[in-house]
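Understanding the architecture of this molecule
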Amino acid sequence: MTVELLLQTLLSGILVGLVYALVAIGLTLIFGVMDIVNFAHGEFLMFGMYAAFWGFALWGLDPIFTLPLTTLMLFAVGVAVYKLVIRRITDAPMLSQIFATFGLMILFRGLAQYLWKPDFRSVDHTVVAGKVAFLGLQFGLPQVVAAVGAVATTAALWWFLRFTRLGAALEATAADKEAAALMGIDAQKMFALAWGIGAACAGVAGALLSTYYPIFPEVGSTFILVAFVLVALGGFGSVPGAFWAGILVGVVEVMGGFLWDPAYKMVLVLSLYLVVVWFRPQGLMGKA
Amino acid sequence: MTSPFRMLTLLAVLTLASRASGQEEIRIGVIYPLTGSAASTGLELKNAAQLAADLINGTDKGLGLPLAGAGGLPGLKGAKIKLVFADHQGNPQVGASEAERLIAEHKVAALQGAYFSTVTTTASQVAERNGVPFLNADSSSPALTQRGFKWFFRTTPHDELFVQNAFEFLRDLQKTKGIQVKRIAIFAENTEFGTGAAKLQERYAKENGYEIVEKVLYPPKGTQLTSEVQKLKASRPDIVMQSSYLGDAILSMKTYKDLGFLPTGLLANNAGFNDSEFLKTMGKDGNYVISREVWALDLGTKKPVIARANALLQARHGVNFNGNSARAFTGIFALADAINRAGSTKPEAIQKALQETNIPGADLIMPWSGIQFDATGQNTKGAGIIVQVQDGKYATVWPFDLASKDVIWPMPAWDKR
């Protein structure tokens, strides 16, 4: 067990965690603004991956170059889902809301299976193919690019929420719907915006993931469990919380699997979650 | 009640009865998954079985297998074989009730099926209870022939033999090429398939004096396999024995490459590695993977009957044989051989003939040394082959006398391909 191997594992964990974080920040944003848990969030990720894949398969466009387009498309999907479905259940009982997004999840998976078959697909060559090596450590370039993309996206979102009028309006709606409405903020518009941005984040994650992860209709399910853990661990609605929780979970999963038994890596992650909520029920960065 | 209708009924019954007692038709019940998730496989099996029956019933002797072109079974005065197909939908209960129906309604002389080990289990229980011979051509769970059944016969080798083959392959590598393998890492998904294989591999490794340096079982639906591959890498194995489904086979190979891990050989346990999507996705990174198989098209270069049979299937359905359909085809021939020697459709006579089966390897389209059943009903002359991906295609590399290509060992480094 050399220092090199440990360092390699630690950094691998951070790379994995950053992608988790990118999936989770969209989810936590939607929850923070609307108090609705979006069970179909993994399917937004799946759509992002397929968008990248088809761009590549039909026109030979690299997922990295089509990333802005994928992001815009998913933004539109998020807004459409809000306008067509979510808007009608904003004030419905929580159970109806859960069933609505859960139903969307099943619908989207079924749709993907019907349209694109249950086969595994992949983008077999991309501009980010290759390796990054330094100090005797090595990482896949796609993973590094995905991690950098995740950091950039999170930073951009954070900047938007902090330093723009629109972002401030979104935060205000999240803090208090009625008070925000009294100040002249159109809540409907803010909700649509939250869904658009939330889905767009999943789209970015999907496009970046497509450069190294197989694409299939059920792919969302693999990532969504971790995303839920991050949302709760980081604090419901907290974007920076989800970000740091992502890194933490990634490191615990990969390091834990390496040092202990990989069969139990998720046990470690969920134990960490239990310990955190035991001492801080509001999550790492959530408001009590 | 003395109506013309009654007369007609009587006539119909008499006709049916005479058909059942007459020797012009031998009914064999064939149970496969014709609908459901494995429907495409089920259809391949059905087509192959039907081709076998039609060849036996026909008069074209071009294939060169005994009974093919015999115009029916000579032992039963040229009686024709009729296959009665049933669909088990991948469901063990349906498989059992269909077996029941075929025996009661169609009075089948024997049954063949059912691809899924779980369905074979239940359907063969029905056959056992009713005293009807059940031939299994394509289920690999070792437990099937450990039940002490008297009416169950399996032509295909089972999982234990495949593991045994892997170790024979290693031994042959050492003997003929001087390749030394000592340190083995086992890498398997943690459901029934992977853990079962891992257990067998561990046992055989110990018995053959190899060192297991690491055993990693992983949950198949994960987001990453980084920690697993790091563990493998840290154990510095000579070879990795891997059992994975498609998604994790792809993910693990990509992770190997990213982390710069490369054993001298990667011995895969079929499944995900032999899916056509695997090679498509991996491109040249999938090269040099070694996997166990039951059949390969390139065997036809050493055994012309395989190429001839394949041409017949191609002409009829436009597809090549594969491991599954070749075994279904062989199953019908084995049953026909037994019924022909029995000279009767009586279950006891067929059972006895099956027990005495001794078909030489030359009369099969399989890479086996023959078909001969032991007391448990398991064919003792079955064998697996080992294939290696070379230039994006699977080529037979072992047993050496059937090989179409020389095995490439060790795997060339990732950046030297």
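Residues numbered from 1 in each chain as written. Chains lettered and ligands numbered in written order. Predicted model: local features only at pLDDT ≥ 70, side-chain atom pairs only at ≥ 80, totals over all residues. Heavy atoms only, no water.

1. As for the overall build of chain B
- Tallying secondary structure elements over chain B gives 12 helices and 14 strands in all.
- Overall, chain B is about 85 × 40 × 40 Å in size when its C-alpha atoms are taken along their principal axes.
- Here chain B, with 417 residues, has 57% of them falling under the buried criterion.
- Within the structure as shown, chain B displays about 16,800 Å² of accessible surface, and the carbon and sulfur contribution to it stands at 54%. (Helix = DSSP H or I, 4+ residues; strand = E, 2+ residues; numbered from the N terminus. Buried < 20%, exposed > 50% of the residue type's maximum accessible area, 1.4 Å probe, protein only. Areas by Shrake-Rupley, 256 points an atom, 1.4 Å probe, with all protein chains shown as cover.)

2. Examining unusual backbone geometry
All names here are of chain B.
- With an omega of 0°, the peptide bond running from W398 to P399 counts as cis.
- Its location among the elements puts P399 in the segment after β14 (393–398).
- Cis rather than trans, the peptide bond between W409 and P410 has omega equal to -5°.
- Mapped onto the fold, P410 is located in the segment after β14.
- Even without being glycine, K77 reaches a positive phi, approximately 55°.

3. With respect to the pairing of β14 of chain B
Residue and element names in this part refer to chain B.
- Examined bridge by bridge, strand β13 (residues 385–390) and β14 share 5 bridges and lie antiparallel to one another. Along β14, the bridge assignment pairs V387 with T396.
- Hairpin connection between β13 and β14: a loop of 2 residues separates the two successive antiparallel strands, and D391 in this loop has a positive phi of roughly 50°. (Pairing = 2+ DSSP bridges.)

4. Looking at the nonpolar core
- Counting residues in each nonpolar core, the largest one holds 120 residues, and the members touching the most others are I86, L170, W195 and Y213 of chain A together with M253, Y256 and F278 of chain B.
- Other than its neighbours up to four places away in sequence, F278 of chain B contacts L246, A249, I250, M253, G272, F273, G286 and V289 of chain B.
- Counting residues in each nonpolar core, the second largest holds 59 residues, with I26, A53, A326 and L354 of chain B among its members. (Core = buried A, V, L, I, M, F, W, Y, C linked by side-chain atoms within 4.5 Å. Contact = heavy atoms within 4.5 Å.)

5. Some thoughts on the sheet that holds strand β4 (residues 134–136) of chain B
All names here are of chain B.
- Read from one edge to the other, the open sheet built from 5 strands follows the order β2-β1-β3-β4-β5, with strand pairing classed as parallel. Edge positions in the open sheet fall to β2 (80–87) and β5 (152–154), since each of these has one partner strand only. Sheet twist, expressed as the average angle between the axes of neighbouring strands with direction ignored, equals 25°.
- One ladder, built from 3 bridges, connects β4 with β5; its direction is parallel. (Axes fitted to C-alpha atoms, helices over the stretch in contact; angles between N-to-C directions.)

6. Considering the sheet that holds strand β6 (residues 183–189) of chain B
Residue and element names in this part refer to chain B.
- Across the sheet, 7 strands lie side by side as β7-β6-β8-β9-β10-β13-β14; this open sheet has mixed pairing. Whereas interior strands pair on both sides, the edge strands pair on one side only; in this sheet they are β7 (211–218) and β14. Within the sheet, the average angular offset between the axes of one strand and its neighbour, ignoring direction, is 25°.
- Relative to β6, helix α6 (residues 192–207) is tilted by about 165°, and along the sheet it contacts β6, β7 and β8 (239–243).

7. Considerations on the packing of helix α1 (residues 3–34) of chain A against helix α9 (residues 219–234) of chain A
Residues and elements named next belong to chain A.
- With their axes 8 Å apart at the nearest point, α1 and α9 run at an angle of 65° to one another. Both α1 and α9 take part in a crossing whose hand is right-handed. Within the contact between the two elements, α1 uses Y20, A21, V23, A24, L27 and T28 and α9 uses F223, I224, V226, A227, F228, L230 and V231.
- For the contact of α1 with α9, the per-class residue count stands at 12 nonpolar, 1 polar and no charged. (Left-handed = near helix turned anticlockwise from the far one by under 90°. Nonpolar A, V, L, I, M, F, W, Y, C, P; charged D, E, K, R; others polar.)

8. Let's talk about the interface of chain B and chain A
- Between chain B and chain A, the residue contacts involve 26 residues of the former and 31 residues of the latter.
- The junction of chain B with chain A conceals about 2,400 Å² of combined surface from both sides, 55% of it contributed by carbon and sulfur atoms.
- Broken down residue by residue, the surface that chain B buries against chain A is led by T223, Q230 and D258 of chain B, which jointly contribute 25%.
- Where chain B touches chain A, the interface holds 1 salt bridge.
- Where chain B packs against chain A, one counts 10 residue pairs in polar contact (both at pLDDT 80 or more).
- Class assignment for the residues of the side of chain B that touches chain A results in 8 nonpolar, 9 polar and 9 charged. (Buried area = accessible area lost by both parts, 1.4 Å probe. Salt bridge = Lys/Arg side-chain N within 4 Å of Asp/Glu carboxyl O. Polar contact = N/O pair within 3.5 Å; in protein donor to acceptor, adjacent residues only side chain to side chain.)

9. Overview of the side chain of D62 of chain A
- Examined against the element boundaries, D62 of chain A turns out to sit in the loop between α2 (41–59) and α3 (67–84).
- No salt bridge is formed by the buried D62 of chain A, whose closest oppositely charged neighbour, K254 of chain B, lies at an N-O distance of 12 Å.
- Of the polar contacts made by the side chain of D62 of chain A, one reaches the backbone nitrogen of V127 of chain A; its length is 2.7 Å.
- With sequence-adjacent residues up to four places away left out, D62 of chain A is seen in contact with H125, T126 and V127 of chain A. (Lys, Arg positive; Asp, Glu negative; His and termini not counted.)

10. Description of the confidence of the model for chain B
Residues and elements named next belong to chain B.
- Looking at chain B, pLDDT values average 90 and 94% of them are 70 or higher.
- By mean pLDDT, helix α1 (residues 4–21) is the weakest element of chain B at 52, and β4 is the strongest at 98.
- For residues 17–22, every residue scores under 50 in pLDDT, and the model assigns this stretch 3 contacts once sequence neighbours within four places are set aside.
- Predicted complex, confidence summary: ipTM 0.80, pTM 0.76. (pLDDT = per-residue confidence, 0-100.)

11. Remarks on a nonpolar patch on the surface
- On the surface, a nonpolar cluster with roughly 360 Å² of combined accessible area is contributed by W244, L248, L284 and M285 of chain A.
- Considering the arrangement of structural elements, one finds L284 of chain A in the segment after α11 (265–279). (Patch = residues over 30% accessible without salt bridge, like charges linked within 9 Å, V, L, I, M, F, W, Y side chains within 5 Å.)

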